[in-house]
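Read off the chains here:
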Amino acid sequence: MGAQQSIPNLAALESESNFTEEEIKRLGRRFRKLDTDGSGTLSVTEFMAIPELQQNPLVERVLAIFDDNNDGEIDFEEFIKGISLFSVQGDREKKLRFAFQIYDVDCDGYISNGELFQVLKLMVGNNLKDSQLQQIVDKTIIYADKDGDGRVSFEEFCAVVGQSDVRLELPTI
């Protein structure tokens, strides 16, 4: 999606997202501004140009989930589908699935003790000792792991966090 190109598959993007045609066009203009090298895709570096994301420790995890084809870049379709989850009209189960994927680093359908530690470490940095963080992780896994297999499935995750109001917020793009 170079600087002069129109938005491909506008009708398809509209039906696959929670955005109107006008919103998609506006997001297309913003996408082109973020795409500083004109490649038609956004890299982690280009995303990090958004000031509100610079301090977010989970940006790389979020982008890995947005990146459907695993090429390390976010194209416009992946961009629209990804940020659509953050809209008010976003589907609750898709939001829960997205939140689960943040922790399911190896994409095996489960959150292991090590994965939970890894992601929480990103979030807390050096504010907790590793031993303190590990205690929290261990207690969380024990609490959520209803079938006793030592890991948390999507269903177990939903049983714990699904009762709360799932809010995914993205800074103004």
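The name given to the protein chain in an unreviewed UniProt entry is Calcineurin B, with Salpingoeca rosetta as the source organism. Of the comments in the UniProt record for the protein chain, the one headed Sequence similarities (unreviewed entry) reads "Belongs to the calcineurin regulatory subunit family."

Participant: What am I meant to see in the layout of surface pockets here?
Facilitator: Looking at the second largest pocket, its volume works out to about 380 Å³. Glu 16, Lys 81, Gly 82, Leu 85 and Lys 94 are the residues nearest the centre of the second largest pocket, which is lined by 19 residues in total. When contributions to the lining of the second largest pocket are tallied by element, the ones reaching two or more residues are α1 (10–16), α4 (59–66), α5 (76–84) and α6 (92–103). When its residues are assigned to classes, the lining of the second largest pocket shows 4 nonpolar, 8 polar and 7 charged. The two domains that each donate at least three residues to the lining of the second largest pocket are domain 1 (10–86) and domain 2 (92–162).

Participant: Before we go on, may I ask you to explain the packing of helix α7 (residues 113–124) against helix α8 (residues 130–144) in this structure?
Facilitator: Packed helices, taken two at a time, are described by the angle between their axes plus the distance between the axes. At a closest axis distance of 10 Å, the pairing of α7 and α8 adopts a crossing angle of 130 degrees. Put simply, α7 runs oblique to α8. When you trace α7 past α8, the crossing you get is right-handed. Of α8, the residues touching α7 (which contributes Asn 113, Leu 116, Phe 117, Leu 120, Lys 121 and Val 124) are Asp 130, Leu 133, Gln 134, Val 137, Asp 138, Thr 140 and Ile 141. Residue composition of the contact of α7 with α8, by class: 7 nonpolar, 3 polar and 3 charged.

Participant: Teacher, can you tell me more about the nonpolar core here?
Facilitator: Proteins that are soluble and globular tend to have nonpolar side chains buried together. Core analysis: the biggest nonpolar cluster contains 43 residues, and Phe 47, Phe 66, Phe 79, Phe 98, Ile 102, Tyr 103 and Phe 157 have the highest contact counts within it. Among the elements of the structure, α1, α2 (21–34), α4, α5, α6, α7, α8 and α9 (154–161) are those that each provide at least two residues to this core. Counting residues per element, this core draws most heavily on α6, which supplies 6 residues. There are two domains that each give this core at least three residues, and those are domain 1 (10–86) and domain 2 (92–162). Not counting the four nearest positions on each side in its chain, Phe 157 is found in contact with Leu 96, Ala 99, Phe 100, Tyr 103, Ile 111, Val 152 and Gly 162.

Cut-off values and rules
- Residues numbered from 1 in each chain as written.
- Predicted model: local features only at pLDDT ≥ 70, side-chain atom pairs only at ≥ 80, totals over all residues.
- Heavy atoms only, no water.
- UniProt positions renumbered as here; feature names shortened; annotations may be inferred.
- 1 Å grid on protein atoms, 1.4 Å probe; cavity = no way out; pocket = protein on both sides within 12 Å on 5 of 7 lines; lining within 4 Å.
- Points joined across faces, edges and corners; volume = space filled by probe spheres on them.
- Helix = DSSP H or I, 4+ residues; strand = E, 2+ residues; numbered from the N terminus.
- Nonpolar A, V, L, I, M, F, W, Y, C, P; charged D, E, K, R; others polar.
- Domains from an automatic or database assignment.
- Axes fitted to C-alpha atoms, helices over the stretch in contact; angles between N-to-C directions.
- Parallel < 35°, antiparallel > 145°, perpendicular 65-115°, else oblique.
- Left-handed = near helix turned anticlockwise from the far one by under 90°.
- Contact = heavy atoms within 4.5 Å.
- Core = buried A, V, L, I, M, F, W, Y, C linked by side-chain atoms within 4.5 Å.
- Buried < 20%, exposed > 50% of the residue type's maximum accessible area, 1.4 Å probe, protein only.

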